[in-house]
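# A look at the structure
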Amino acid sequence: MPDFLGENWKQKQAHYFIDKDSVDKVKINLAANNITYQMRDVNPQIFKVRRRRDLNGAITINDVNNRYLSYDEQMQFLNFVAQKYPDDVKLQKLGNSYEGRSITAVRIGDDGSSKPIVWIDAGVHAREWISYNVALYLVYTIVSQPAYRDLLNSVQLVVVPNTNPDGYEYSRTNDRMWRKTRSRFTNSRCGGADANRNYPFYWGTQGVSHSQCSEIFCGSRPQSEPEVLALTNAIQREETRIKGYIALHSYGQEILYPWGHTQRTYPSDVQDLIQVGKAMASAIRAVNNTDYNVVNSGDGLYPAAGASDDWAKSRGIKYSYTIELSPIDD
Ligand code: 0X9
Ligand code: ZN
């Protein structure tokens, strides 16, 4: 099974990552199925990473907009924002990753009232780097721009910019294409589980693998990954107040709605999800004319069980989505 990277729905393309030993085999299979394809060596592109840092030392929004930050830098940036906007921003520790990094939530507009919450998390897949920056940019923009004051009077946001810090660091320093967590198993040559297959809803059923070496290994049991346990616990503590859930991924330029554990199966209020999904898409279109497609994740992408969006929906969070961000950087 090749490793799915993302898609371009406008050009009807799906992009996969394959290792060079399987090139010939894949070519034969594609030809046998009449599938047109292009192949290229992505190594040069993958390793062209900007690591430049602002001269003054502090991490600013300029860094967030121009380069990818280390996990430590991401946390420095959040601390800086929390210090600059102490009335609006509170940092909350949700738990620790397998390797002991803290999973931090940014609570925006938490005034102790019972306003509805919109929960946004990012980076459960380590290699989807853009999602971390989008989450950090979103935190900064919402608190620094006066235009969002009204919004914060009526909703509270909880943003978790890095839900997989171990995987992210590993992707930055060892293997750019790393997707999973970094949990280790005894007597196995492969570690890590796909945290977006590890949530406790139809766990292990479709679009997953039970072998530890797979990129979509669903873990040894639901919530086997400490990151997933921390996130599910935190969401459950306030789930009656959470009305919206968004998981940021890349790439595909798509807004995906449940259910995603199987195909042709939808929640009873699916029309409401489609309606709000389309409203999000047109709000996005109004900014840069970027065209997001609103599709069911099982039908439009592929069935994959144990993902966070399905689980959030199963807990009664009405508007639950996965956003596959745009691959285009201009
Ligand atoms: O496969 C995934 O986890 C997501 N795509 S990605 O390319 N970022 O890996 C899509 C998840 C969609 N949601 C469900 N299938 N429930
Ligand atoms: Zn993803």
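Calculation criteria
Along each chain, residue indices are assigned from 1 in the same order as the chain's sequence is written. Labels are handed out in written order, letters beginning with A for the chains and numbers beginning with 1 for the ligands. Reporting of local features is limited, given that this is a predicted model, to residues whose pLDDT is at least 70; pairs of side-chain atoms are given and counted only at 80 or more, and all residues count toward the totals for whole chains, interfaces and linings. Only hydrogens and water are set aside when side-chain values are computed; all heavy atoms of the structure are taken into account. What counts as a helix is a DSSP run of H or I of at least four residues, what counts as a strand is a run of E of at least two, and both are numbered from the N terminus. In this description, contact between two residues means that some pair of their heavy atoms is separated by no more than 4.5 Å. UniProt positions are given in the numbering used here, feature names are shortened, and annotations may be inferred rather than shown by experiment. Remark: exposure states derive from per-residue accessible area (1.4 Å probe, protein chains only) relative to the maximum for the residue type, with buried under 20%, exposed over 50%, and partly exposed in between. Distance and chemistry together define a polar contact, namely a pair of N or O atoms within 3.5 Å, with one atom able to donate a hydrogen and the other to accept it when in protein, and with adjacent residues in sequence counting only for side-chain atoms on both sides. In the cavity and pocket records, a cavity denotes points on a 1 Å grid over the protein atoms alone where a 1.4 Å probe fits but cannot get out, a pocket denotes an open set with protein on both sides within 12 Å along at least 5 of 7 lines, and lining residues are residues with an atom within 4 Å of a point. Grid points are joined across faces, edges and corners, and a volume is the space filled by probe spheres set on the points. Charged means Asp, Glu, Lys or Arg here, nonpolar means Ala, Val, Leu, Ile, Met, Phe, Trp, Tyr, Cys or Pro, and polar covers whatever is left, Gly included. We define proximity as follows: a residue is near a molecule or strand when any one of its heavy atoms falls within 4 Å of that partner. Calculation of accessible area relied on Shrake-Rupley with a 1.4 Å probe; when residues are assessed, cover is drawn exclusively from the protein chains displayed. For a molecule to be placed in a cavity or pocket, more than half of its atoms must lie within 2 Å of the grid points of that cavity or pocket. The domain limits used here are those given by an automatic or database domain assignment. Accessible surface is computed with a 1.4 Å probe, and the buried area is the amount of it that two parts give up when combined, taken over both parts together. Think of a salt bridge as a Lys or Arg side-chain nitrogen and an Asp or Glu carboxyl oxygen that are within 4 Å of each other. The donor set comprises N, O and S atoms within 2.8 Å of the metal, extended to 3.2 Å for Na, K and Ca; water molecules are omitted, so apparent gaps in a site may simply reflect that omission. Aromatic contacts are taken between Phe, Tyr and Trp rings whose centres are within 6.5 Å, Trp giving its six-membered ring; a plane angle under 30 degrees counts as stacked, one over 60 as edge-to-face, and the others as tilted. Two strands qualify as a pair provided that DSSP identifies no fewer than 2 bridges between them. In this description, a line fitted to the C-alpha atoms serves as the axis of each element, helices being fitted only across the stretch in contact, and the angle between N-to-C directions of two axes falls anywhere from 0 to 180 degrees.

Residue position: Gln156 is located in strand 6 (residues 156–160). Spatially, the C-alpha atom of Gln156 lies 7.4 Å from that of Arg107, the residues being 49 residues apart in sequence. Setting aside residues up to four positions removed in sequence, Gln156 forms contacts with Arg107, Ile108, Gly109, Asp110, Lys115, Pro116, Ile117, Val118 and Arg241.

What follows is about the UniProt feature "active site" (unreviewed entry) in the chain. Sites flagged by UniProt as "active site" (unreviewed entry) map to Glu324. On the secondary structure map, Glu324 appears in strand 10 (residues 319–325). Of the residues examined, Glu324 reaches a relative accessible area of 8% and is grouped as buried. The contact partners of Glu324, leaving out residues within four places of it in the chain, are His249, Ser250, Tyr251, Gly252, Gln253, Glu254, Leu256, Tyr292 and Leu301. A distance of 3.5 Å separates a polar atom in the side chain of Glu324 from the backbone nitrogen of Ser250.

The next subject is empty space enclosed by the protein. The rolling of a water-molecule-sized probe over the atoms marks out the regions of remaining empty space. Across all of its chains, the model carries two cavities of 30 Å³ or more by this definition. Considered as a void within the structure, the largest cavity measures approximately 220 Å³ in volume. Forming the walls of the largest cavity are 20 residues, and the residues nearest its centre are Asn196, Arg197, Leu301, Tyr302 and Glu324. Elements represented by at least two residues in the lining of the largest cavity include exactly strand 1 (3–8), strand 7 (242–250), helix 10 (297–301) and strand 10. Partitioned by chemical class, the residues of the lining of the largest cavity number eight nonpolar, seven polar and five charged. In this model, the second largest cavity occupies a volume close to 50 Å³. Around the second largest cavity sit Asp121, Val124, Thr163, Asn196, Tyr199, Leu231, Tyr245, Ala247, His249 and Ser308, which together line it. Ranked by residue count, the leading element in the lining of the second largest cavity is strand 7, at three residues. Per-class residue counts for the lining of the second largest cavity are five nonpolar, four polar and one charged.

Attention shifts here to the site of ligand 1. Around ligand 1, the structure places 18 residues, and the nearest of them are Arg179, Arg197, Tyr302, Asp309 and Glu324. Side-chain polar atom of Arg179 to an oxygen atom of ligand 1: 2.7 Å apart, as the coordinates give it. Measuring from a nitrogen atom of ligand 1, one finds a side-chain N or O atom of His249 at 3.1 Å. About the coverage of ligand 1: the protein hides 100% of its 420 Å² of free accessible area. In this structure the site holding ligand 1 corresponds to the largest cavity.

Bringing the domain arrangement of the chain into the picture now. Along its sequence, the chain is organised into domain 1 (3–41) and domain 2 (61–168 + 223–325). If you average the C-alpha positions of domain 1 and of domain 2, the two centres end up 30 Å apart. In this assembly, eight residues from domain 1 lie in contact with 12 residues from domain 2. For domain 1, the biggest contributors to the area lost against domain 2 are Phe4, Glu7 and Trp9; these three give 63% of the whole. Linking domain 1 with domain 2 are two salt bridges. Here Arg127 ties to Asp3 by a salt bridge, and the two come within 2.8 Å at their closest N and O atoms.

Another point: the pattern of salt bridges. Under the defined criterion, the tally for this structure stands at 20 salt bridges. We note a salt bridge from Glu99 to Arg184, for which the minimum N-O separation is 3.0 Å. Taken as a pair, Glu99 in the loop between strand 3 (89–96) and strand 4 (102–108) and Arg184 in the loop between helix 7 (165–173) and helix 8 (226–237) lie far apart in primary sequence, 85 residues in all. The exposure class assigned to Arg184 is partly exposed, which follows from its relative accessible area of 44%. Residue Arg107 is joined to Glu238 by a salt bridge in which the shortest nitrogen-to-oxygen separation is 3.0 Å. Of this pair, Arg107 sits in strand 4 while Glu238 sits in the loop between helix 8 and strand 7, placing them 131 residues apart in sequence.

Within the first shell, the zinc ion (ligand 2) binds the protein through His125 (ND1), Glu128 (OE), Glu128 (OE) and His249 (ND1), at distances of 2.0 to 2.3 Å. Coordination of the zinc ion (ligand 2) draws on donor residues from a single chain, spaced H-x2-E-x120-H in sequence. Pair noted here: Glu128 is in the loop between strand 5 (117–122) and helix 5 (130–144) and His249 is in strand 7, with a separation of 121 residues, a long-range link. The buried category is assigned to His249, whose relative accessible area is 2%.

Here we take up the packing of aromatic side chains. Going through the model one piece at a time under the given rule, you end up with 13 aromatic pairs. Geometrically, the ring pair formed by Tyr85 and Tyr140 is edge-to-face, given 6.5 Å between the ring centres and 80° between the ring planes. You can see Tyr85 sitting in the loop between helix 4 (71–84) and strand 3 and its partner Tyr140 sitting in helix 5, a full 55 residues away along the chain. In textbook terms, an aromatic cluster arises when at least three aromatic residues are bridged by ring pairs, as seen for Tyr68, Trp129, Tyr132 and Tyr168.

A few words now on the sheet that holds strand 3. Strands sit in the order 3-4-6-5-7-10-8-9 across an open sheet of eight strands; the sheet is mixed. A strand with exactly one partner marks an edge of an open sheet, and here the two such strands are strand 3 and strand 9 (293–296). Averaged over all adjacent pairs, the angle separating strand axes in this sheet is 20°, with direction ignored. The pairing of strand 8 (residues 254–257) with strand 9 spans four bridges and is parallel. By the bridge assignment for strand 9, Leu256 is matched with Val295. Against the sheet, helix 5 touches strand 3, strand 4, strand 5, strand 6, strand 7 and strand 10, its axis set at about 135° to strand 7. Sheet strands in contact with helix 9 (residues 270–288) are strand 7, strand 8, strand 9 and strand 10, and its direction is about 40° off that of strand 10.

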